[in-house]
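# Structural characterization, general
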Amino acid sequence: MSASRLRLPWSRRPEGRTAPVVPRASIAGKALTMIIAIMTLLAGLSVGAVDLISSATAGWQAQIVQQVTVQIRPAEGRDMDAEVNKALDIVRNAAGVASARALSQKNIADLLEPWLGKNVDLSDLPTPRLIVVELSDGAHPDLAALSASLEKAVPGATLDDHRVWLDRLRMTGSTLVGIGLGILALVVTATGLSVFFATRSAVAGNRDVVEVLHFVGARDGFVAAAFARRFMRFGLRGGAIGGGLSALFFLCLGWFGPSAGDAGGTLIRGVTLGPGGYLGIAVLVVLIAALTAATSRITVFAHLRKLG
Amino acid sequence: MVRFENVGLRYGLGPEILSDLTFRIEPNSFQFLTGPSGAGKTSLLRLLFLSLQPTRGLISLFGRDTATLTRAELPNIRRRIGIVFQDFRLLDHLTTLENVALPLRVLGREESSYRAEVVELLRWVGLGDRIDAYPPVLSGGEKQRAAIARAVISRPEFLLADEPTGNVDPHLARRLLRLFVELHKSGTAVLIATHDIPLMDLYDAQRFVLSDSRLTIYD
């Protein structure tokens, strides 16, 4: 290792550079930076997780709200294909419907496969026929009227708008977001407290600086501002490390984690963090730096009051 | 310049460690403060540089009753007083030059405006070749001289020194005393707290003797 790498804190400094009155590097300062980095990482992961859960639940709801299903129960002596076509005509002519398609027997067999197994001949079974109806974006069709006209024209036809499912999903989503927000609140509180006490401890390690400045005639504001500037830098550095790592984690998860296509059969539609999530992490970093600066300022003022 | 009238000081509910102190310190005067250990010399110095408030009595500094000073006024009074601490109180992350320049820096002055002045003073106290050294590599005598230089760089009207020769050999103690005498001759009032009787014998000055919490003055 070169001699310059082993530079002692009191070795000579290049001329023309005046050292700040509050030391740039100290053991307490490094420990504070590390604590801030770790706590910001945890808080950043929490912010991202809440954003992911929130956007995922919103996605489920949007997807289900955009679809309704028509079910036609089989009945003796009826031509089911004709009944399905009649229902398709009614549905396609209704306002607010973007498209409608009838599921084939194979599609229905695929849906029933988990219960009945593969290669089952459904022709002998009274399986209902299903029509998947896609609604137009932002459309609010009169589903009650559509249901009534279907039931009138096609006996045994019912329209399912997934309301029961949707209500359950809404409740599940709200519960998950609530739990996420609760955990986020706890992590942010723990981060705030850790940063507060670590900053106080680091300022206490520089008490001699406060006292000397005070006794050589520095105004309280001068001393407090010098500490706030230094500790703001500690906060920004630690926050940038922790926030950067948490953002990098979500970027990697977006690149290498399950995508919407891979997760086709699951409820998770990919794990890509939105701009709101990254913005939340950035806000967190700024808030933590501000908290560090404010805590150092308050602590210095408190110590100066004792000295005075 | 400094006036004490019936000043008493106690810490908490303890006994009075300073009782009925009444004296004056005139501008451009020189005095030693002495007394046995624990007599209250450091407490008296702390009263003089406004680090403590008396329990009773009146202290007037530069014509101002210290009891009526606001926090905002304290720095202006402190800037007229130079202090040499017994333990030097140099900041380890600053060079000798930066430590000595601290009183000028807190006034908001740029380094370019005071550098030559500080270098000249450091040469005068024999630290011309230690300008860029940090306190951990300075000897006790060098630290002492750096602390004195810091106390006088802003040309204070009143200089307080707490055991300034406590950590140095007799030869260096005499050199430091000469430094204080030179400052006194340039117009600064000086008060040196010391145990060193041979040192006091070297210069004819008023002696404040603290004993049993009371002060006796010998001209």
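Just so it is clear, the model here is predicted, and its values are computed rather than measured.

Cut-offs and rules
Residues numbered from 1 in each chain as written. Chains lettered and ligands numbered in written order. Predicted model: local features only at pLDDT ≥ 70, side-chain atom pairs only at ≥ 80, totals over all residues. Pairing = 2+ DSSP bridges. Helix = DSSP H or I, 4+ residues; strand = E, 2+ residues; numbered from the N terminus. Axes fitted to C-alpha atoms, helices over the stretch in contact; angles between N-to-C directions. Parallel < 35°, antiparallel > 145°, perpendicular 65-115°, else oblique. Left-handed = near helix turned anticlockwise from the far one by under 90°. Contact = placed C-beta atoms within 7 Å. Nonpolar A, V, L, I, M, F, W, Y, C, P; charged D, E, K, R; others polar. Core = buried A, V, L, I, M, F, W, Y, C linked by C-beta atoms within 7 Å. Buried ≥ 20, exposed ≤ 12 C-beta atoms within 10 Å, placed from the backbone. Domains from an automatic or database assignment. Expected span 1.5 Å × (residues − 1). Arc of directions from axis to C-beta. pLDDT = per-residue confidence, 0-100.

Residues and elements named next belong to chain B. One ladder, built from six bridges, connects strand E1 (residues 2–10) with strand E2 (residues 16–25); its direction is antiparallel. Residue pairing for E2: phenylalanine 4 is matched across the bridge by phenylalanine 23. Between E1 and E2, which pair antiparallel one after the other, the connecting turn spans five residues, and glycine 12 there sits at a positive phi close to 60 degrees.

All names here are of chain B. Relative orientation of the contacting elements helix H3 (residues 96–105) and helix H5 (residues 140–152) amounts to 30 degrees, with a least axis distance of 7 Å. Regarding the angle of H3 to H5, the classification is roughly parallel. Here H3 runs over H5; the crossing is right-handed. On H5, the residues that touch Thr96, Asn99, Val100, Leu102 and Pro103 of H3 are Ala146, Ala149 and Arg150. A per-class count over the contact of H3 with H5 returns five nonpolar, two polar and one charged.

Moving on to the nonpolar core. Membership of the largest hydrophobic core comes to 104 residues, with the highest contact counts inside it found for Leu213, Val223 and Phe227 of chain A together with Val100, Ala149 and Leu160 of chain B. The element best represented in this core is helix H7 (residues 220–256) of chain A, accounting for ten residues. Judged by nonpolar contacts, the second largest core, of 15 residues, contains Ile90, Ile131, Leu135 and Val154 of chain A.

What follows concerns the sheet that holds strand E6 (residues 81–84) of chain B. All names here are of chain B. Sheet architecture is open: six strands sit in the order E6-E7-E8-E3-E9-E10, paired in mixed fashion. Only two strands of the sheet have a single neighbouring strand rather than two, namely E6 and strand E10 (214–218). Mean inter-strand twist for the sheet, computed between neighbouring axes without regard to direction, equals 15 degrees. Direction of pairing for strand E9 (residues 206–211) relative to E10: antiparallel, over a ladder of five bridges. In the strand pairing of E10, valine 209 is matched with threonine 216. Sitting on the sheet, helix H1 (residues 41–48) touches strand E3 (30–34), strand E7 (158–162), strand E8 (189–193) and E9, and the angle it makes with E7 is about 155 degrees.

Here we take up the interface of chain B and chain A. In this complex, chain B contributes 23 residues to the contact, which on the side of chain A involves 20 residues. Elements that contribute at least two residues to the side of chain B that touches chain A include exactly helix H2 (74–78) and H3 of chain B. Class assignment of the residues belonging to the side of chain B that touches chain A gives a composition of twelve nonpolar, three polar and eight charged.

The next thing to look at is the domain arrangement of chain A. Often the size quoted for an interface is simply the accessible area lost on bringing the parts together. When the domains of chain A are assigned, the result is domain 1 (25–62 + 175–307) and domain 2 (74–155). Averaged C-alpha coordinates put domain 1 of chain A and domain 2 of chain A at centres separated by 53 Å.

To continue, consider unusual backbone geometry. All names here are of chain B. At arginine 155, a position not held by glycine, the phi torsion is positive, near 50 degrees. Mapped onto the secondary structure, arginine 155 falls in the loop between H5 and E7. By the C-beta count within 10 Å, which is 13 here, arginine 155 ends up partly exposed. The phi angle at serine 213 is positive, at roughly 70 degrees, despite the residue not being glycine. You can see serine 213 is positioned in the loop between E9 and E10.

Turning next to helix H6 (residues 170–185) of chain B. All names here are of chain B. A rise of 1.5 Å per residue sets the reference length of H6, with its 16 residues, at 22 Å; its end C-alpha atoms lie 22 Å apart and thus fit the reference within 8%. When H6 is considered as a whole, its buried residues turn out to be Ala173, Leu176, Phe180 and Leu183. Within H6, the buried residues cover an arc of 75 degrees as seen down the axis, which keeps them to one side. The exposed set on the far side of H6, more than 90 degrees from its buried face, consists of Pro170, His171, Arg178, Glu182 and Lys185. In this structure, the buried side of H6 is in contact with H5, E7, E8 and helix H7 (197–201). Just downstream of H6, glycine 187 is the residue with a positive phi angle, here 115 degrees.

All names here are of chain A. Per-chain confidence: chain A averages 82 in pLDDT, with 89% of residues scoring 70 or above. Ranking the elements of chain A by mean pLDDT puts helix H3 (residues 105–116) last, at 80, and H7 first, at 92. Across residues 1–12, confidence stays below pLDDT 50; counting only partners more than four residues off in sequence or on other chains, it has seven contacts.

All names here are of chain B. With respect to the helices and strands, the residue valine 2 is situated in strand E1. Separated by 156 residues in sequence, valine 2 and phenylalanine 158 place their C-alpha atoms 9.3 Å apart. Residues in contact with valine 2, not counting those within four places in the same chain, are Arg24, Ile25, Leu48, Leu61 and Phe158.

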